[in-house]
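Fold and contact review
Here is how the chains run, residue by residue.
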Amino acid sequence: MPDEISLLAPLTNTGTGGGEKLQIRRVYLEVSEGADAGVDYTATSGRVVIGTGDGCDLRLTDGTVSRYHCELVVQANGTVRAMDLGSRNGTLVDGVWVERCLLHEGAVIALGNARLRFSGEHGWLTLEVSAAAKFGPLRGISLVMRRVFFSLDIASQNLRPVLLEGEIGTGKEAAAMAIHANSAVKTGPVRVIDCGRLSDEVNATANGTGLASAPGGTLVLANVELLSLEQQKMVSHLIEAAQTRVIATTTRPLGQEVNAGRMRGSFYRQLSQQTLVMPPVRDRIEDLPLLLDEVVTSLQMDPAVFAQSSRHGKLLEKLQRHRWPGNLPELRAYIRTAIA
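An account of the accompanying structure is given in this report.

Calculation criteria
Residues numbered from 1 in each chain as written. Predicted model: local features only at pLDDT ≥ 70, side-chain atom pairs only at ≥ 80, totals over all residues. Heavy atoms only, no water. Helix = DSSP H or I, 4+ residues; strand = E, 2+ residues; numbered from the N terminus. Buried < 20%, exposed > 50% of the residue type's maximum accessible area, 1.4 Å probe, protein only. Contact = heavy atoms within 4.5 Å. Areas by Shrake-Rupley, 256 points an atom, 1.4 Å probe, with all protein chains shown as cover. 1 Å grid on protein atoms, 1.4 Å probe; cavity = no way out; pocket = protein on both sides within 12 Å on 5 of 7 lines; lining within 4 Å. Points joined across faces, edges and corners; volume = space filled by probe spheres on them. Nonpolar A, V, L, I, M, F, W, Y, C, P; charged D, E, K, R; others polar. Polar contact = N/O pair within 3.5 Å; in protein donor to acceptor, adjacent residues only side chain to side chain. Expected span 1.5 Å × (residues − 1). Arc of directions from axis to C-beta.

Within the chain one finds ten helices and 21 strands. Here the chain, with 340 residues, has 51% of them falling under the buried criterion. A fraction of 61% describes how many contacts in the chain between residues 6 or more apart in sequence connect residues 24 or more apart. About 15,000 Å² of surface is accessible on the chain, with carbon and sulfur atoms providing 50% of the total.

As enumerated under the stated definition, the model contains one cavity of 30 Å³ or more in all. In this structure, the largest cavity occupies an estimated 30 Å³ of space. Those elements giving two or more residues to the lining of the largest cavity turn out to be β5 (47-51) and α5 (254-259). A class-by-class count of the residues in the lining of the largest cavity yields five nonpolar, one polar and three charged.

Structurally, Asn-182 can be placed in the loop between α2 (172-181) and β18 (190-194). On the basis of relative accessibility, which here comes to 41%, the residue Asn-182 falls in the partly exposed class. Along the chain, Asn-182 and Phe-135 lie 47 residues apart, while their C-alpha atoms are 9.2 Å from each other. One polar contact links the side chain of Asn-182 to the main-chain carbonyl oxygen of Ala-178, over a distance of 2.8 Å.

Now for helix α10 (residues 327-339). Helix length check: α10, at 13 residues, gives a terminal C-alpha distance of 18 Å against a target of 18 Å (1.5 Å per residue), a fit within 8%. For α10, the full list of buried residues reads Asn-327, Leu-328, Leu-331, Ile-335 and Ile-339. Buried residues of α10 fall within an arc of 95 degrees about the axis and therefore sit on the same side. Tucked inside the fold, the buried residues of α10 contact α7 (288-298), α8 (303-307) and α9 (310-321).

Any link to function would need more than the numbers given here.
Structure below.
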């Protein structure tokens, strides 16, 4: 995707160049069959979107391939996950239909008539991370989160649209607020709109939906995938007129929404000029002690005193064993209950 700054999951860190950096697997794909046979692609980030649409990392011309067919993502543990994006002809890996799966070295990915051979052993990408353990209200000492902080800082230094992806409860709205607070329009208004609550009955004017209510500031569109096609058109006009800085959040792959006809392809391309993926708690286990201290402090307890208690070690051990599908809200609620 254009100018992508999405989360690039670490395998190792290196101290070269005067600071810590991330190293991730460099994905390599070669088209062995289909209209694009002979084409190959070496990834420049930890996420590869494959399809025929504008903005795809690996853009094919095969008519049996959907606009945004599937994506490959390097995960925090170093594995590479393939996920179908609601494509017309589906995604097969080694002849098996999949919605999502982990790829092994040499796996053959079938997208319509196209066949792509995957390799995750094609060198390494080295990425910078922030030296800070926080960005706005967000906290984290893990390399995964410090890469996020580095990317958020980049996004805050310009006024292009930002798309924040991630599971429910990963801190997307907090990240949006942090971008605004560190941007050139930080003194302007900021408005958060839940796109699921906008009525189709007030589509006639942008003012009717509140979409033009942050001139000279930041408009945060939460759950942007829930905008109707007409509302997407209005937001697109706002972006083109540069009336306000737009940050969108979503829990769904928007390429899948384009394939399903629920999102305009042009609108998706506008929003994804800068894309950042907020990691789930299970990919930032190193941050659990810090997150535990945050909750302890919110309960007006001294985290240093609590850290010396017998409950601290037992609770932390339990936290590390759980996968936290509800992410930060679930984690914080559990800690409060356990401490109380």
